[in-house]
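# Structural overview
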Amino acid sequence: MKALEEKIRREGQVRPGNILKVDSFLNHQMDIAFINEIGKEFKRLFADCNINKILTIEASGIGIACITAQYFNVPIVFAKKKQSINLDGEQYTTKVQSFTHQKTYDVILSKKYLGPSDRVLIIDDFLANGCAVNGLIEIINEAGATLEGVGIVIEKGFQDGGKEIRARGINVKSLAIVKSMTDHDIEFEEQDS
Ligand code: 5GP
């Protein structure tokens, strides 16, 4: 998505540890007109899939998933990262290694909201080593649901998550794939439109 690549080049900041900060439009302030375009693009890319639920993980995935869900006309369900007294009944849980916070956390989803009749599109903001997406895939498998695809706003192609997940035959589409990044330059992989 060329408009996304241009926006990342204009507004993105490269931080130590291979972190790309896009707080001006995605991860802190959210540019809703632009995220609408992202939602439309996910709908175009997954138009052939029979999706009845979008799955994401708190916190940054939620806003993007909500806007995207309007184009698919389906509910979203988000996995939680903390146990809470509001989470009752049986739960799916798995452990995920956080890239940005450098720690392991539990990912929790109520069994009420995901089951064998669900055909799921995973949506997330970033794909790096693939831990977050793999955690969500484990939960989908445990639920007996069907994974239709994975939609990512920004993939860091120099990390291996995307390659490994695609190698398992999973339909991963990223709107921008960063090939390399330094303080003064961000390069993207060419993609078929
Ligand atoms: P992974 O689990 O694939 O290693 O990392 C993906 C998760 O870590 C995403 O949910 C995202 O929140 C966070 N993340 C990974 N890399 C970056 C990055 O460069 N910038 C930002 N803002 N978040 C990232």
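Relevant structure appears above.
Below or above, wherever it landed, is the structure these notes cover.

## A closer look at the sheet that holds strand S3 (residues 53-57)
- Strand order in the open sheet made by the six strands is S4-S3-S7-S8-S9-S10, with mixed pairing throughout. Pairing within the sheet leaves two strands with one partner each, and these edge strands are strand S4 (76-79) and strand S10 (185-188). Pairs of neighbouring strands in the sheet enclose a mean axial angle of 25°, with direction left out of account.
- Pairing of strand S9 (residues 172-182) with S10, which is carried by four bridges, proceeds in the antiparallel orientation. Bridge pairing links Ser-180 to Glu-187 in S10.
- Relative to the sheet, helix H1 (residues 2-11) contacts strand S8 (146-156), S9 and S10, its axis offset from that of S10 by approximately 165°.

## With respect to the site of the ligand
- Around the ligand, the surrounding shell holds 16 residues, and the nearest of these are Leu-20, Ala-128, Gly-130, Ala-132 and Lys-156.
- Contacts to the ligand include Asp-125, whose side-chain N or O atom sits 3.3 Å from an oxygen atom.
- Between the ligand and Gly-130, the relevant distance is 2.7 Å, taken from an oxygen atom to a main-chain nitrogen or oxygen of the residue.
- Here the ligand, which alone exposes 500 Å², has 89% of that area covered by the protein.
- Listing elements by their share of the shell around the ligand, those giving two or more residues are strand S2 (19-21), strand S7 (119-127) and helix H5 (131-143).

Cut-offs used in this document
- Residues numbered from 1 in each chain as written.
- Predicted model: local features only at pLDDT ≥ 70, side-chain atom pairs only at ≥ 80, totals over all residues.
- Heavy atoms only, no water.
- Pairing = 2+ DSSP bridges.
- Helix = DSSP H or I, 4+ residues; strand = E, 2+ residues; numbered from the N terminus.
- Axes fitted to C-alpha atoms, helices over the stretch in contact; angles between N-to-C directions.
- Contact = heavy atoms within 4.5 Å.
- Near = heavy atom within 4 Å.
- Polar contact = N/O pair within 3.5 Å; in protein donor to acceptor, adjacent residues only side chain to side chain.
- Areas by Shrake-Rupley, 256 points an atom, 1.4 Å probe, with all protein chains shown as cover.

The values reported here are purely geometric and, on their own, carry no functional implication.
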